[in-house]
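# Inside the fold
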Amino acid sequence: MNVHSILAKPVWKALAMRPGFATVGEASILATDGFFDYLLEHGFSAPSADDLVMWLKGDGRADVQLTLDLLEDTFSLFDPSFLRQIADARQKLAKKSPGANQSPVLALPKNTVMRPSYEMLSWDPIARPPKRPPILRHVSIQPDELPLDYQETIRRAARGLPGGGAEVKVPARSMVLRMREKLCQCMWSIRHNDFQPVLSPIGIDRYVKDLISRCSLKPHGLRWSSIRASVDGLYLFARYHGEDESIISHLRCYIREFEARERAQRALKFFKLARTGNTTDRILDQAERLLIGVDAELSPGKRHQMRNAAAILAIYANAPLRNASAQLAFGTTLFWENNHWVIRTKIQKTHTSRPELLVLPLHPECGRFIDAILLQDSTPVLLPHLREQAIQERRQLFCLVDERPAAASYIPRVFKALTGNSFTTLRVMHYSDAIRHHGPVGIELAKHAAHHSPTTSGTDIVRLHYIAEEVAQLDAEAMRARRDRRVNGMRERYRADFNWNS
C-alpha cells in the first residue's frame, strides 16, 4: 500500500491536519499504519509494551529496532505519552536478544525445561562436574576415586540396569545420587583410618561414628533422620551391588536402630512450620496480594518477578508437588483442557525408578495465576492466542525476565524466600488444613493432590511423617471418647443392677 492510500484512511485524515505532519517520513507512516491495522484487528484501545512486542514478532520484521525508531518519529508528534511503551518494548527486545558477549550456554531455546543434572539421559554419575562447585568436597572423595567395581555399579543404576543383588529394584536417579554421595563419604572415613577401601563392618562403624560427630555440631543438633538416610543410602548400594550378607545385615541393624530413634524425635519441618504459622489459606492470601500489587509496580522486571512469585504460591498450595516434579512446562506437563489448566505429570517417588502418573485439574481461581504469567502486560483479548502459542512452543512455565528458563532450584528458592518455610512443608500444610476443615476424613481427601497411596500403608506413612501432631490429637480425642463410652456403659449397668429407677 502506498502513502497516498494510507493518508486517505479516516484516521490519517485527522492526523494529517496536526502541526508538523509534513516532517514525518514515508517509512514512519508505513510502519505506524501497520501498527494501527494490528490494533484495529484485535480491538485494542490502550496498547501496552507487550502488545507492541507481540506485533513486532508476528509482523516478521528484520530490524525491529528500526521499526521502533520509526514509531517514535510518528508518536512523538501524535501521542507523546505512548513513547513510554515504545521505550519499554525496546528494553524487552534488547533483553531477549543475546548480546555478543553473552555465554552460548545461557542462550537456551524457549522450549528448554531446566532439570537437575541427574535427570538428564546422558548423566554420568562418576564424571566430575563441568565447573568448580561452590563447596569443595572435604569429608568425601571424588566419585572417580571409588573402586572400579563400585563405579560400574553406580553407572548401571543410573542407566536403569539390574544390579548384582537378587530381586533388587532399580532405584530412582535421586537415590542413585544419594548412594554415590554416601558411598564417597564412607570411603573417605575408611581412607582416613587406613582401612581397606571396601565396605566392611569395621569401616561402616567408623563412618557412622564420624557422621554422628559431624551432625552433632550442626545448628539444630543431631537429627536421627539424617543419620538414618545416610545409612539407608549405603544399604541400598550394598543390596544393589550384591555385597556379602554380613555387610547387608550390619547396615540393616543400624537402620532399625536409627528408625526407632527417629520416631522419638519430631521432624524439624514441624517446628519451622509452627514458627511461621503458615497454612495453605495464608499462602493463598499472600499470592492474591502479590498479584494485586503487580499493577502498582512501575518496573517491568519487578512485575514479572511478582507474577512468578504469586503463581508459585498459588499453584503449589493447591498442588503440593515434589521438588523433582515441580518444574512445569506447557504442552508437556501443563495443559489447557475444558477451560481449565490441568497438571498431568509423572511423579518420581524416591525408591522406585518407575514414575507414577498424576492428573490434577486446577481450580480457575488458581489457573488465573498461570494466565497472568502468559499475559504479562498484554491486552487480555490476546490470552487465548498466548495459551495456544505457549503449548505449541512447549515453553517452561517459570522463566526469567529475559525469557530464559528458570533453574530447577528456582521454585523452592522463591517459595522459601516468601514464606520462610522449605518447599517440602507444603504437603504438611496440605494435610493439616484438610484435617482442620474436614476432620479425620481430610486425610483421604488430601491424598490424591499429595500423590500418596490410598492404601492403609500409605495412610500410616502420612500419619507418621506429615500429620504427627494432628494424629496425636485425634488419637487422644478417640481415647477420651472410648473412655467416656466405657464409663457410661458401666454406669448404665450399675443402675440396672441396683434398680435405681424404681
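Structural data are supplied above this passage.
Residues numbered from 1 in each chain as written. Predicted model: local features only at pLDDT ≥ 70, side-chain atom pairs only at ≥ 80, totals over all residues. Heavy atoms only, no water.

This part covers the packing of aromatic side chains. Applying the stated criterion across every chain yields a total of 13 aromatic pairs. With a centroid separation of 5.8 Å and an interplanar angle of 35 degrees, the aromatic rings of F35 and F82 are classed as tilted. In this pair, F35 sits in helix α3 (residues 26-42) while F82 sits in the loop between α5 (64-78) and α6 (83-96), placing the two residues 47 residues apart along the sequence. Take F35: its relative accessible area is 0%, and that puts it in the buried class. Judged by its relative accessible area of 6%, F82 is buried. Judged by centre distance (5.3 Å) and plane angle (75 degrees), the rings of Y316 and F423 are edge-to-face. One end of the pair, Y316, is in helix α14 (residues 300-318); the other, F423, is in the loop between α17 (410-419) and α18 (426-438), and 107 residues separate them in sequence. F423 matches Y316 in its accessibility class, with the two residues each being buried. These aromatic residues form a ring-pair network of at least three members: F35, F36, W55, F75 and F82. The residue whose ring lies beneath R261 is W224, and the NZ or CZ to ring-centre distance is 4.7 Å. (Phe/Tyr/Trp six-rings, centres within 6.5 Å; stacked < 30°, edge-to-face > 60°. Helix = DSSP H or I, 4+ residues; strand = E, 2+ residues; numbered from the N terminus. Buried < 20%, exposed > 50% of the residue type's maximum accessible area, 1.4 Å probe, protein only. Lys NZ or Arg CZ within 6 Å of the ring centre and 35° of its normal.)

With 74 residues, the main nonpolar core has F35, L52, I315, Y316, L397 and F398 as its most contacted residues. Here this core takes ten residues from α14, the largest share from any one element. Core analysis: the second largest hydrophobic core is formed by 42 residues, I154, M179, C186 and I190 among them. (Core = buried A, V, L, I, M, F, W, Y, C linked by side-chain atoms within 4.5 Å.)

Once that is clear, we can look at the environment of T280. As for its placement among the helices and strands, T280 is situated in helix α13 (residues 280-293). Take T280: its relative accessible area is 10%, and that puts it in the buried class. The sequence separation of T280 and A434 amounts to 154 residues, and the corresponding C-alpha distance is 9.6 Å. In contact with T280, not counting residues within four places along its chain, are A317, M429, H430 and D433. (Contact = heavy atoms within 4.5 Å.)

What follows covers the sheet that holds strand β2 (residues 340-347). Pairing in this open sheet of three strands is antiparallel, and the strands run β1-β2-β3 from one edge to the other. Only two strands of the sheet have a single neighbouring strand rather than two, namely β1 (334-337) and β3 (356-361). Averaged over all neighbouring strand pairs, the angle between strand axes comes to 25 degrees, with direction disregarded. Here six bridges tie β2 to β3, and the two strands are oriented antiparallel to one another. For V342, the partnering residue across the bridge sits in β3 and is P361. (Pairing = 2+ DSSP bridges. Axes fitted to C-alpha atoms, helices over the stretch in contact; angles between N-to-C directions.)

Right, let's get into α13. For α13, built from 14 residues, the straight-helix expectation of 20 Å at 1.5 Å per residue is met to within 8% by its first-to-last C-alpha distance of 20 Å. Taken residue by residue, α13 has T280, I283, Q286, A287, L290 and L291 as its buried positions. Buried positions in α13, seen along its axis, are confined to an arc of 135 degrees and lie on one side of it. Facing away from the buried side of α13 by over 90 degrees, the exposed positions are R289 and I292. (Expected span 1.5 Å × (residues − 1). Arc of directions from axis to C-beta.)

Quick look at the pairing of β1 now. Across four bridges, the pairing between β1 and β2 is antiparallel. The residue bridging E337 from the neighbouring strand is H340, located in β2.

What follows concerns the pattern of salt bridges. Tallied over the entire structure, the rule returns 22 salt bridges. Note that D88 is salt-bridged to R84, the shortest N-O span being 3.6 Å. Of this pair, D88 and R84 both sit in helix α6, four residues apart, which is roughly one turn of that helix. Residue class for R84 comes out partly exposed when judged on its relative accessible area of 48%. Between R228 and E262 there is a salt bridge, with the nearest N and O atoms lying 3.0 Å from each other. In this pair, R228 sits in helix α10 (residues 224-241) while E262 sits in helix α11 (residues 245-263), placing the two residues 34 residues apart along the sequence. (Salt bridge = Lys/Arg side-chain N within 4 Å of Asp/Glu carboxyl O.)

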